[in-house]
Amino acid sequence: MKKFLIVFFCFTFVVSTVLAQDIFLTLTKYDESIEKLPTNITIITQKEIVEKHVETLGELLQNEVGINFRSHGTIGSLKTISIRGAASAQTLVLLDGRRINDIGLGSVNFNNIPVVNIERVEVIKGAGAAVYGTGAFGGIVNVITKKANMDSPIIEADISYGSFNTFSPSIISAYSNNKYSILATLSNISRDGDRTNSKFVNTNVFFSGQINASENSKISLTGNIYNAKYGLPGSLLIPTLRDKQQDNNKYLKLDYDFSFDKNKSVSINGYCSRDIMRNQSYLYSTDDRYTSDTYGFQTDFHYADVLLLGAEYWKECFQDDSRKNCAVYSQLNYDIWKFRLIPSLRVDNNSVFGWVFTPALSAIFNLNDKVKFSANSGKVWRAPTFNDLYYPGLGNPDLKPEYGLSSDIGAEYSYGKIKLIATGFYINSKDLIRWDGTRSKNIAKTKQYGFEFEAGYIMNLLLSHKLNYTYLKAEDESTKKILEYTPENTINYILNIKFTRNFTISAVVCYRSDLIGTRYYPDNSISVETIDGFFTLDMNINYKLNENIDFWIKGFNLTNTNYQMFCDYPMPKLTVYAGINARVLR
């Protein structure tokens, strides 16, 4: 297998492509050319989102470099991601800059973020705590939602049907002029599922509005209501044929942006959210309801795209417990000769854990217009979740935060149709929280290291390729054992063929090597097992009838591979969907 990986890697090095991206927001909190930023960032554009024909954020990210997509099998089951081997709770997820990690569990269920709401996605792999605070060990995913503009269709509708009786309609309506704009989305997914008790139904309502209050100011309001009901089939060894779960998530966010002049601007936002989860387990005779409330505000001041000063406050409430966090942060973009230095510092004061200082530094050296080098290093931390602290019988209110140092160094070569990116990374962590069978404790020290590679060559307007390869070694330093669910080798290869101006086909080949997972038995015993690696093949076929109508077919796991990402949670086999997208243009 190793010989095959080397041959495949070298072959695709010559004939693959990394598509150029232009603007990136998340690192410096203002739109900036990606050429001025480090090599550890990724952008998924609206064009890529449309072409992939996926339904959730997790599926959208699963083939990106450095990202390990994790699914509990059935369509509609829990889906999370890991960046550079960090736990899913150590990956910070933002929605228009607002953190959305579950305050009870720490992670994000990527099933609950419909793609129909998303304009683009920006990813920072590595240290991000200096500007965004707790939870960014592995990196940051910032989901930027849709806004109406003068090019938005007045109405856009999409409807699809496929395997497991899956029916998915959605409609978007938008209007924009020089004074205001508004966009609203309504979507629904229903499917019977591929296993007993895996039926899934959700409804999503999203809206976004903007008013240009003056030449220098803008007010924006966004909100979302998401409801889902689904069965929990359990593992193959412990099936739960009647367990159910309901998710109800809603949020509202108000933004105000004001420009004093071309060099000075300020933005202020406030938000509130409520997440309710009801879990009904007939196996354990429980009916639990968890309520999470979060509200806060944030303000940023920019001077000449050089200086960022910011302050943030939030309060989190989970069941009967709550905590507050206040923070100030600063970032400087300093250009000298061919160098750009981006030092950052954030100071948090948490009502439970006290003061935390998180400095970071990014350095970019543009040797010429073809070659770029970059390095990043920063302190990272994660506050214990409410479950870590207060879960009945197992929580530990004396827990300390997790701390670590995340660093990487990279190089990029870009010339004409060729683009190569290579990045090496290292994350060292201490005081990691683990459950030892009696309660949660700060007992683990880990290190994750490896490299990420992207290479490319755009052959012509009709044919393009994309490859990424991630090598990851994630170890518990005290036991010298490999961390669970961290594959050593991951390869994603994407081929796009444009047969005519209106007819395109894309194929995605994914390889993931063996990994370690825990098997749970009905008698409450456990064992550590090796989960076999796998190859999968997905394919998209798109036909554009005219400017208003597109037809598409999407096939997942066309090789009908029997594989798992979590022990005893089988992934769906061959799955096919077909749909039509219709638009009424301005």
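So, how was this worked out
- Residues numbered from 1 in each chain as written.
- Predicted model: local features only at pLDDT ≥ 70, side-chain atom pairs only at ≥ 80, totals over all residues.
- Heavy atoms only, no water.
- Helix = DSSP H or I, 4+ residues; strand = E, 2+ residues; numbered from the N terminus.
- Rg over C-alpha atoms; globule rule 2.2 N^0.38 Å.
- Buried < 20%, exposed > 50% of the residue type's maximum accessible area, 1.4 Å probe, protein only.
- Contact = heavy atoms within 4.5 Å.
- Salt bridge = Lys/Arg side-chain N within 4 Å of Asp/Glu carboxyl O.
- pLDDT = per-residue confidence, 0-100.
- Phe/Tyr/Trp six-rings, centres within 6.5 Å; stacked < 30°, edge-to-face > 60°.
- Pairing = 2+ DSSP bridges.
- Polar contact = N/O pair within 3.5 Å; in protein donor to acceptor, adjacent residues only side chain to side chain.
- Disulfide = S-S within 2.5 Å.
- Patch = residues over 30% accessible without salt bridge, like charges linked within 9 Å, V, L, I, M, F, W, Y side chains within 5 Å.
- Areas by Shrake-Rupley, 256 points an atom, 1.4 Å probe, with all protein chains shown as cover.
- Core = buried A, V, L, I, M, F, W, Y, C linked by side-chain atoms within 4.5 Å.

1. Describing the overall build of the chain
At step 1: Helix and strand counts for the chain stand at 5 helices and 37 strands.
At step 2: Taken against the 2.2 N^0.38 rule, which gives 25 Å for 586 residues, the C-alpha radius of gyration of the chain at 23 Å falls within 12% of a compact globule.
At step 3: For the chain, buried positions account for 54% of its 586 residues.
At step 4: Put simply, of all contacts in the chain between residues at least 6 apart along the chain, 59% involve residues at least 24 apart.

2. Considering the pattern of salt bridges
At step 1: If you walk through the whole model with that rule in mind, you get 30 salt bridges.
At step 2: Linking Glu51 and Lys47 is a salt bridge whose minimum nitrogen-to-oxygen distance equals 2.6 Å. On the criterion of helical spacing, the pair formed by Glu51 and Lys47 is a turn pair, its members being 4 residues apart in helix H2 (residues 46-52).
At step 3: Residue classification places Lys47 among the exposed positions, given a relative accessible area of 57%.
At step 4: The salt bridge involving Arg382 is made with Asp388; its shortest N-O contact spans 3.6 Å. By the burial criterion, Arg382 is buried, and Asp388 matches it.
At step 5: Connected through salt bridges with shared partners, the residues Glu48, Lys52, Glu64 and Lys466 form a single ionic network.

3. Considerations on the confidence of the model for the chain
At step 1: Here the chain averages 89 in pLDDT, while 94% of its residues score no lower than 70.
At step 2: Of the regions scoring below 50 in pLDDT, residues 1-21 engages in 47 contacts with residues more than four places distant in sequence or in other chains.

4. What to know about the side chain of Thr294
At step 1: The topology assignment puts Thr294 in strand S17 (residues 286-303).
At step 2: Residue Thr294 is classed as buried on the basis of its relative accessible area of 14%.

5. Focus on the packing of aromatic side chains
At step 1: Taken as a whole and assessed by the stated rule, the structure comprises 18 aromatic pairs.
At step 2: Relative to Tyr180, the ring of Tyr175 has its centre 5.9 Å away and its plane inclined at 45°; by these criteria the two rings are tilted.
At step 3: Relative accessible area serves as the criterion here: at 38%, Tyr175 is assigned to the partly exposed category.
At step 4: Aromatic side chains Phe339 and Phe365 sit 4.7 Å apart centroid to centroid with 40° between the ring planes, which places their arrangement in the tilted category. In this pair, Phe339 sits in strand S21 (residues 339-350) while Phe365 sits in strand S22 (residues 354-366), placing the two residues 26 residues apart along the sequence.

6. Let's talk about the pairing of strand S5 (residues 79-83)
Remember that side chains alternate between the two faces of the sheet whenever the strand is regular.
At step 1: Most of S5 sits inside the fold, with 5 of its 5 residues counted as buried.
At step 2: Alternating positions in S5 separate into two faces, Lys79, Ile81 and Ile83 on one and Thr80 and Ser82 on the other, with burial throughout.
At step 3: Relative to S5, strand S4 (residues 67-71) is paired through 5 bridges, and the arrangement is antiparallel. Across the sheet, residue Arg70 finds its bridge partner in S5, namely Thr80.

7. Digging into the side chain of Thr145
At step 1: Along the chain, Thr145 turns up in strand S9 (residues 139-145).
At step 2: A relative accessible area of 3% means that Thr145 is categorised as buried.
At step 3: At 2.6 Å, the side chain of Thr145 forms a polar contact with the side chain of Asp96.
At step 4: Reaching out from Thr145, the side chain makes a polar contact with the side chain of Lys147 at a distance of 3.0 Å.
At step 5: Apart from the residues lying within four places of it in its own chain, the contact partners of Thr145 are Leu95, Asp96, Asn117, Ile118, Glu119, Phe206 and Tyr251.

8. Digging into the state of the cysteines
At step 1: Per the stated rule, a full pass over the model turns up 0 disulfides.
At step 2: Cys272 provides the cysteine sulfur closest to Cys317, a residue in no disulfide bond, and the two sulfurs are 12 Å apart.
At step 3: The class of Cys317 is buried, set by a relative accessible area of 19%.

9. Focus on a nonpolar patch on the surface
At step 1: Residues Tyr175, Tyr180, Ile182, Phe207, Ile211, Ile219, Leu221, Leu252, Leu254, Tyr256 and Ile268 make up a contiguous nonpolar surface patch of about 920 Å² in total accessible area.
At step 2: If you tally residues by element for the nonpolar patch, the top one is strand S15 (residues 244-259), at 3 residues.
At step 3: Position of Tyr180 among the secondary structure elements: in strand S12 (residues 180-191).
At step 4: Classification of Tyr180 by relative accessible area gives partly exposed; the value is 38%.

10. Quick look at unusual backbone geometry
At step 1: Within the chain, Asp96 stands out as a residue other than glycine whose phi angle is a positive 55°.
At step 2: Mapped onto the fold, Asp96 is located in the loop between strand S6 (91-95) and strand S7 (98-99).
At step 3: Residue Asp96 is classed as buried on the basis of its relative accessible area of 18%.
At step 4: Although it is not a glycine, Asn560 sits at a positive phi angle of roughly 55°.
At step 5: Tracing the sequence through the fold places Asn560 in the loop between strand S34 (549-556) and strand S35 (564-566).

11. Digging into the environment of Thr423
At step 1: Relative to the helices and strands, Thr423 is located in strand S25 (residues 418-435).
At step 2: Here Thr423 falls in the buried class, since its relative accessible area comes to 3%.
At step 3: The spatial distance from the C-alpha of Thr423 to the C-alpha of Lys146 is 31 Å, given a sequence separation of 277 residues.
At step 4: Those residues within four positions of Thr423 in sequence are excluded, and the remaining contacts are Thr39, Arg84, Asp408, Ile409, Gly410, Gly450, Phe451 and Glu452.
At step 5: Within polar-contact distance, the side chain of Thr423 engages the side chain of Thr39 at 3.0 Å.

12. A look at the sheet that holds S7
At step 1: The strand order across the open sheet built from 5 strands is S3-S8-S9-S6-S7, with neighbouring strands paired in mixed fashion. The open sheet has two edge strands with one neighbour each: strand S3 (41-44) and S7.
At step 2: Across 5 bridges, the pairing between S6 and S9 is parallel. Its bridge partner lying in S9, Leu94 is registered against Asn142.

13. Overview of the nonpolar core
At step 1: Ranked by size, the top nonpolar core spans 38 residues in total, and within it Leu57, Leu60, Leu61, Ile81, Ile118, Val121 and Val141 carry the most contacts.
At step 2: Taken together, the elements giving at least two residues each to this core come down to helix H3 (57-61), S4, S5, S6, strand S8 (118-125), S9, strand S11 (166-176) and S34.
At step 3: When residues no more than four places from it in sequence are discounted, the contact partners of Leu61 are Ile44, Ile67, Ile81, Phe110, Val121, Val123 and Val141.
At step 4: In this structure, Ile34, Ile124, Leu308 and Tyr329 belong to the second largest nonpolar core, which totals 15 residues.

14. Let's talk about the pairing of S9
At step 1: Summarising burial for S9: 7 of the 7 residues are buried, a large majority.
At step 2: Going residue by residue along S9, you find Gly139, Val141, Val143 and Thr145 tucked away on one face and Ile140, Asn142 and Ile144 tucked away on the opposite face as well.
At step 3: Summarising the sheet, S8 and S9 pair through 7 bridges and their orientation is antiparallel. By the bridge assignment, Ile124 is partnered in S9 with Ile140.

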